[in-house]
Amino acid sequence: MSEPVLKYIGHKASKVRWEPVESIERGTRFVTGSYDDKVNKVRLYNYSLDDSTGSFNEPNEVSSCSVSGDVTDLLFIDRRYLLVALSNGSVSVIKNEDNTLCPAYEWKGVHCSNASPVPVTSITHYSLTNDDTVLTAGEDGRIAVLRLDKPTPSSFIDDKDSTSITSLISYYHSEVLAANLSGQLKLWDLRASSTAPAKTFPISSSSMVSVNCLSHHPNQSHMITAGCDNGSIGFLDLRQERIPISFLQGHTMEVWESRFHSLYPDNLISCSQDGSLLHWASLQRHYNRDPHHAVSSSSNDDHIWSHTAIAKGNFEATRLIPESNVHSVNSFDVSNKNCVVGVTDGEAMYVLPNIDCH
Amino acid sequence: MADVEYDENDEERSSASRVGAGSGYNGDEEEEEATSSLTMSEVHTCGRVLLRTNPRNSIAIFTAPYDDHDDDHSNSDKETATSTDLYEVQWSGIVLTTDSVRKLVSQSHAFFMELQEYAGKGMDPDVCVKYSRLYRVALYECTQGLNYECENVDLEENELQDIKGQLEMYSLLNVLWHLCEILFIETLPVGCLIQQLLEWVRWHDRGDTDDVMNDVMSGVRPDTHQDYWSIVYRLTLQGRIDDVRKLLTYSSYCKENKKVFDSIDELLRKVPMIKSVIGHSRTELMGLWFVWNQECKRRRDRQDFVGCPQLNLLCGLLCGDKSCFSRPEVIDCCKMWYDMLVGRLLYTSPLILSTDYDLHVIAKDCLKLYCDHKGTAPYYFDTFILSALENKVIDVIKMVSSKLSNWWFVSHMTNLLHHRGSLVTSQLEYGSQLSEFLLIEYATALFVHPSLWEVAISYLSYCPTQGRHFMCSLVERVPLTTSTKALKLIRLCQRYEMTEEAQSICRVLARRCYGDGRMGSALTWCIKGQDATFAAFLAEKYFDFYESIGEFGDLSILDYLGDAVLLSNRLAFLSKYRDFHKQYSFGNYEAAGQLLVSLLTSGITLKKYWLTLLTDSIPLLQIPDKCVFSSADTYELLHILQEIDNTSSYSDQKDMITSQDEFSINKISLLRLALVRNLQSSLVLRERKH
């Protein structure tokens, strides 16, 4: 594994996302969203191979576009459209026209409390297949359904529970899982007429632990990870009635993001307030596994991220960025060619051109 | 830039002026540097000016029209003076409008942190040199970035001027930093100072010697180029002897007079450049140089070069002849006066030490010659360089602090010098060490920017005397825009053990959520901040809400409180009460009944809720063929009912019974009846069991 490239970017970034590409091509562009600045911006960076030397050029800013608040989440609809969740309760659409970012539309005041806007915290696709509807969650505890062709939110899910939602992911066709500040996970069925969640359960029954992020396994979407504020990463299996949760301990403070590698799901990467970016991999790697094995497996214990494996501590964490970094790593993203970009509160960006994944 | 002067006669304003000056940002210079959107004329057209200071290095100014009796002040602008705008006048310790400067701030912060880490383990002078160089790299990258930003075609004219001003300042600071590094941070062996100074001059060669040299050499006959001799002198002064020799081969005079050329070439070839001093004593080196110098002088006195006055002058320079250095063509060839200085040191006293008095004398002389020749007064930056050469490090720090609106240089430099041990300062009047004082200034200047609170507080954490006080008061002023940011701030407070501040952040958020009617979030923040008082208050509000509506709002948090119930008795009560409802709805009447009795008897329930809880027992009392409460329990409940009845306020004043009281009285009698019936059946039941 090569040494991370450190680049100072002159602003604090809250999110970073690679532009979606076809699986065989190499992703060369990513976007970052800043927060806490006088004028916050979404910036497009180019990170490409220099054909003459065969090495990577330093990421350079290609274009930027001002937004009206702190960026709290970014979601690519496709290569041209990017949705930006903002702290002023709005959701902005940014268009990428020949590598130039320009604002296309803004839903204002999607999330409000007592008529004053509250931050939008998370934004996700409506379902794993539907592309023109997205869901947003806010600190008002509501979930809004936004259709890309409608100027106003089409509906809201409001379960009379006002705890801030911190993260939201879609699960199967019309179900959505939301995590909130007080550490509960709520599963909603969007087709149901009732506004009450289909299932509510706490991440920890013994004490209050906030969940900051959720993500699912790329090919087993019932497998969920939840990054907690005490530095642990929870693993849940939504298929089971009594949802079992096991934890990986590696960070010491808030886990801001934890995600499986989309092509090599045996690898998990997580970043935290404590300034670390960890790459988790199993100590016993199953090299000759049948690729369909995981999908067809009915026994949960065969799975690499099974509860038994986690409980046994069969995983090792590798630090991707040096320990000298004391600033929170707010976000990261992995490209399809194993290139990891992480952004920190130290106004710096770490780029790892090729991490070791199996 | 607004130089706000206050009218001495106007009491309001002069007192305001004192407010401005007394805010801890030492005095007059800063007021001059206040950047403002308010121009002087605007201030004058407004009537009274009210000022208020705040910790963000700014003052808020509210302008109000003159009162009627202030006739002497009234003027034709009176109508326009009825502005109700509030102005913020801010003086900046560092201008952070450009990305490049932001990068400098974050990069140097990283270096600063590492350096403090080293300093904790005992300081090695080499580490200081290393970090000084790293800071210089950051400065250099900043100037490169600013250079790049200048090329942006979309910039407005004033923005461009601003960036150019920044570029100029940081380039000069880089020159000064490098000089300070050579003079105060590095430990140089004898004879190495001059090499370092030559390196310094070459590195910061703002005249781009190479460009001129290439331009001269590119011609068919370089020696006819107008800058030919000028560049020869310049290269000589910079000690770039090989380039001088190369250039001289083009001279037509030298070509015609081979002997003369050989003579000067030999002198040049033999210039004793002291690169390595290992194995030589100062006397030896001195002797080496003296021999060469004598040879130069001998050849010049022999009038070897008299045929070509330029060549003669060149030899004069090599001899270290003072009159030659003051010749206009020599001064003209230098872009800066210190180019001249280093050249002169090279040929007159190559073994000079940074502490030598001569250094100061020669420097002063060069500056004077240069300024007289150019007909200008020394630029303020020249005085920084001069002070550094005079070995007056404190003066350099003082002057840079007072003349530039930039704390970056002084804070990092003093910190480095402090660790290097080359900064001897007495306790300052304002209660802290110089290095700490400057760090505080820099940190508060950074804090003005909305992004840099974390960096600012990190700098303050290295200020042992006053840092903590500043940290506490600044942390309270970071706007809490999102929960994520609040969590980050709480972590920051935890890192620096600012428990009270962390709690106050949670309380602010809890209150805000409560104000917005978001009870769930409010309670979550309470629990995060371990704020028992506010949690108790919220628990009461929850209960009141239940009493008025008949159902709980924001249920899920109550269901999963975990060990958070221990925070407050009220919260524990609420959680148990919620349990009671759950048990009841699941049909576990016995368990529900037991919970109710324990809630009432354990003393965690507020007296004002007793009646509500007892009322909840009615459905349990009326379940047919079932006796939920034992006789002992019923006695307890009756006892509680009696206590309610005794202490009720309406029992004293029978005439003033309200409908609410009447409702309660009815309830009490209903309850008494139900309880007595229950007692009866429970006794019967007990009898049967026996």
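Residues numbered from 1 in each chain as written. Chains lettered and ligands numbered in written order. Predicted model: local features only at pLDDT ≥ 70, side-chain atom pairs only at ≥ 80, totals over all residues. Heavy atoms only, no water.

1. Some words on the overall build of chain B
Here's step 1: Check the secondary structure of chain B and you find 34 helices and four strands.
Here's step 2: With 690 residues in all, chain B has 51% of them scored as buried.
Here's step 3: A fraction of 66% describes how many contacts in chain B between residues 6 or more apart in sequence connect residues 24 or more apart.
Here's step 4: Put simply, chain B shows about 32300 Å² of open surface, and 50% of that area lies on carbon and sulfur atoms. (Helix = DSSP H or I, 4+ residues; strand = E, 2+ residues; numbered from the N terminus. Buried < 20%, exposed > 50% of the residue type's maximum accessible area, 1.4 Å probe, protein only. Contact = heavy atoms within 4.5 Å. Areas by Shrake-Rupley, 256 points an atom, 1.4 Å probe, with all protein chains shown as cover.)

2. A short note on the packing of helix 30 (residues 569-586) of chain B against helix 31 (residues 589-601) of chain B
Residues and elements named next belong to chain B.
Here's step 1: Packing of helix 30 against helix 31 leaves a shortest axis separation of 8 Å and a crossing angle of 155°. The angle between helix 30 and helix 31 falls in the class roughly antiparallel. Relative to helix 31, the crossing made by helix 30 is left-handed. Residues Phe-573, Lys-576, Tyr-577, Asp-579, Phe-580, Gln-583 and Tyr-584 of helix 30 pack against Tyr-589, Ala-591, Ala-592, Leu-595, Leu-596 and Leu-599 of helix 31.
Here's step 2: The class makeup of the residues in the contact of helix 30 with helix 31 is ten nonpolar, one polar and two charged. (Axes fitted to C-alpha atoms, helices over the stretch in contact; angles between N-to-C directions. Parallel < 35°, antiparallel > 145°, perpendicular 65-115°, else oblique. Left-handed = near helix turned anticlockwise from the far one by under 90°. Nonpolar A, V, L, I, M, F, W, Y, C, P; charged D, E, K, R; others polar.)

3. With respect to the interface of chain B and chain A
Here's step 1: Every contact between the two is made by 42 residues of chain B and, on the other side, 50 residues of chain A.
Here's step 2: When chain B packs against chain A, the two sides together hide about 3800 Å² of surface, and 47% of this comes from carbon and sulfur.
Here's step 3: When the buried area of chain B at its contact with chain A is split by residue, Lys-488, Arg-491 and Tyr-560 of chain B rank highest and sum to 18% of it.
Here's step 4: Our count for the contact surface shared by chain B and chain A stands at six salt bridges.
Here's step 5: Linking Arg-491 of chain B and Glu-254 of chain A is a salt bridge whose minimum nitrogen-to-oxygen distance equals 2.7 Å.
Here's step 6: Where chain B touches chain A, the interface holds 23 residue pairs in polar contact (both at pLDDT 80 or more).
Here's step 7: Secondary structure elements with two or more residues in the side of chain B that touches chain A: helix 4 (99-120), helix 23 (453-460), helix 25 (483-495), helix 27 (519-528) and helix 29 (555-559) of chain B.
Here's step 8: Looking at which element gives the most residues to the side of chain B that touches chain A, the answer is helix 4 of chain B, with eight residues.
Here's step 9: For the side of chain B that touches chain A, the class distribution of residues is twelve nonpolar, 17 polar and 13 charged. (Buried area = accessible area lost by both parts, 1.4 Å probe. Salt bridge = Lys/Arg side-chain N within 4 Å of Asp/Glu carboxyl O. Polar contact = N/O pair within 3.5 Å; in protein donor to acceptor, adjacent residues only side chain to side chain.)

4. Topic: the nonpolar core
Here's step 1: Formed by 223 residues in total, the largest nonpolar core has its most connected members in Leu-248 and Trp-337 of chain B.
Here's step 2: Per-element accounting of this core gives the leading share, 16 residues, to helix 6 (residues 157-185) of chain B.
Here's step 3: If we ignore the near neighbours within four places in the chain, the residues touching Leu-248 of chain B are Tyr-228, Trp-229, Val-232, Cys-254, Phe-261, Ile-264, Leu-268, Leu-311 and Leu-314 of chain B.
Here's step 4: Among the nonpolar cores identified, the runner-up in size contains 17 residues, and Ala-226, Cys-228, Leu-238 and Ile-243 of chain A belong to it. (Core = buried A, V, L, I, M, F, W, Y, C linked by side-chain atoms within 4.5 Å.)

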